Amino acid sequence: MSPSPSLLPQVPLGSTDIHISRVGLGTVKLGRNQGVKYPTSFSLPTDAEALDLLAHARQLGINLIDTAPAYGTSEERLGEFLLGQRHEWIICSKAGEEFEQGESSYNFSPKHIKHSVERSLRRLKTDYLDIVLLHSDGNDLEAIEQGGLDALAQLKSEGLIRSFGMSTKTVGGGIAAAKQSDCVMATYNLATQDEKLVLDYCAEHGKGVLLKKVLASGHITHQATANLTSGETQDNPLQASMDFVFKHPGVSAAIIGTINPAHVAENVAAAIQACANK
Ligand code: NAP
């Protein structure tokens, strides 16, 4: 029997046996509200609000959650919130970027990557991570040359992580990372398509693609709201964004960052429609 079109579909992440929902929940806004590029400022959700958000997301079929050491308190908070439900989630974290006292710093040496993953395991109160990505500063090839992906491959062989890849910012880096890992995280949206060649490569070679900034960090939807207020007519920018990204055969999942439960529901509905129509 084919699954009901009202359910959020899942797909394998590239050639792995990890099944992820086609919408993931990005959690920058659970742990960090400094040095971010969202259109409006915000307060971190309370524990009760965050727990409601996660329960709502899970109920709507989201099983993929994206975090990072550089997202402030996101990992520690998730470690508490996901107690007792670890196996219901596919957790993606990162390594290589630190964010302290309002500043990012980067270290992709194998020693640091190992230390970072072991710290993520402690913070997330788990003994394995499903996906770990190198958290690039934009110098993707240099990060790879420093041995960051080799360190993640080693951690995978030791069973601490189930899959690995890299969040990249360049075409050359994205393709180089995909060649030696399971997946990449790339930027691709209605406004920015520079990394499309990375998606093409992944589609051809069975590598997973997680998309970040599908709504251009909220600027696409925010601008549409501003236009509506000023009386301009507007298509549905959320549906247009989802239709656009899911048309590409390389895309595994769209990681959308939100702390608004109503937005989670809208995002899931738009992704279901986009996946059904493509
Ligand atoms: P995004 O998902 O494109 O946009 C998030 C913004 O859009 C939030 O401000 C959110 O506000 C708003 N939004 C979400 N759903 C909406 C809806 N239905 N209607 C109107 N507004 C909506 O951008 P992102 O958060 O920068 O990226 C997504 C995730 O990718 C992050 O959370 C993170 O996990 C990951 N990421 C990774 C990197 C990296 O270098 N690896 C970089 C950036 C992001 P509300 O909270 O009000 O919904």
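Residues numbered from 1 in each chain as written. Predicted model: local features only at pLDDT ≥ 70, side-chain atom pairs only at ≥ 80, totals over all residues. Heavy atoms only, no water.

### Regarding the site of the ligand
And then number 1: Around the ligand there are 29 residues in total, and Y38, D66, S167, T258 and H263 lie nearest to it.
And then number 2: In this structure, L215 approaches the ligand through a main-chain N or O atom, which is 2.8 Å from an oxygen atom.
And then number 3: Within the side chain of E266, one N or O atom sits 3.1 Å away from a nitrogen atom of the ligand.
And then number 4: Considered on its own, the ligand offers 900 Å² of accessible surface; in the complex 89% of this is hidden by protein.
And then number 5: When atom positions are compared with the pocket grids, the ligand is found to occupy the largest pocket.
And then number 6: Of all the secondary structure elements, the ones that give two or more residues to the shell around the ligand are helix 1 (28–31), strand 12 (253–257) and helix 11 (261–277). (Near = heavy atom within 4 Å. Polar contact = N/O pair within 3.5 Å; in protein donor to acceptor, adjacent residues only side chain to side chain. Areas by Shrake-Rupley, 256 points an atom, 1.4 Å probe, with all protein chains shown as cover. 1 Å grid on protein atoms, 1.4 Å probe; cavity = no way out; pocket = protein on both sides within 12 Å on 5 of 7 lines; lining within 4 Å. Sits in = over half its atoms within 2 Å of the grid points. Helix = DSSP H or I, 4+ residues; strand = E, 2+ residues; numbered from the N terminus.)

### Things to note about empty space enclosed by the protein
Once rolled over the atoms, a probe with the size of a water molecule shows which space is left empty.
And then number 1: With the rule as written, the count across this model stands at one cavity of 30 Å³ or more.
And then number 2: Taken as a whole, the largest cavity spans an internal volume of roughly 30 Å³.
And then number 3: For the largest cavity, the full set of lining residues is V23, G24, L25, I62, I256, T258, V264, N267 and V268.
And then number 4: Those elements giving two or more residues to the lining of the largest cavity turn out to be strand 3 (23–26) and helix 11.
And then number 5: Among the residues forming the lining of the largest cavity, the class breakdown is six nonpolar, three polar and no charged. (Points joined across faces, edges and corners; volume = space filled by probe spheres on them. Nonpolar A, V, L, I, M, F, W, Y, C, P; charged D, E, K, R; others polar.)

### With respect to the sheet that holds strand 11 (residues 208–212)
The strands making up a sheet associate through backbone hydrogen bonding, with each pair oriented either parallel or antiparallel.
And then number 1: A barrel is described by the order of its strands in space; here eight strands give the closed sequence 3-4-5-8-9-10-11-12, paired in parallel fashion. The average angle at which neighbouring strand axes cross in this sheet is 25°, direction not considered.
And then number 2: Pairing analysis gives four bridges linking strand 3 to strand 12, with the strands arranged parallel. Residue pairing in the sheet places G26 in a bridge with G257 of strand 12.
And then number 3: Of the strands in this sheet, strand 5 (90–95) and strand 8 (131–135) touch helix 4 (residues 110–123), which is tilted by about 145° from strand 5. (Pairing = 2+ DSSP bridges. Axes fitted to C-alpha atoms, helices over the stretch in contact; angles between N-to-C directions. Contact = heavy atoms within 4.5 Å.)

### Remarks on the layout of surface pockets
And then number 1: Put simply, the largest pocket is a space of about 1,300 Å³.
And then number 2: Lining the largest pocket are 49 residues, and of these Y38, K213, A216, S217 and G218 lie nearest its centre.
And then number 3: Elements with a minimum of two residues in the lining of the largest pocket: helix 1, strand 6 (97–100), strand 7 (103–106), helix 9 (219–229), helix 10 (237–246), strand 12 and helix 11.
And then number 4: The leading source of residues in the lining of the largest pocket is helix 9, at six residues.

### Details of the side chain of K29
And then number 1: Relative to the helices and strands, K29 is located in helix 1.
And then number 2: Put simply, K29 is tucked away with no salt bridge, and the nearest opposite charge, on E49, sits 12 Å away.
And then number 3: Contact partners of K29, with chain neighbours within four places excluded, come to Y38, F42, L44, P45 and I259. (Buried < 20%, exposed > 50% of the residue type's maximum accessible area, 1.4 Å probe, protein only. Lys, Arg positive; Asp, Glu negative; His and termini not counted. Salt bridge = Lys/Arg side-chain N within 4 Å of Asp/Glu carboxyl O.)

### A word on the state of the cysteines
And then number 1: All chains considered together, the criterion is met by zero disulfides.
And then number 2: Of all cysteine sulfurs in the structure, the one in C183 sits closest to C92, which takes part in no disulfide; the separation is 6.7 Å.
And then number 3: Cysteine C202 shares no disulfide, and the gap to the nearest cysteine sulfur, in C183, comes to 8.5 Å.
And then number 4: The exposure class of C202 is buried, given its relative accessible area of 1%. (Disulfide = S-S within 2.5 Å.)

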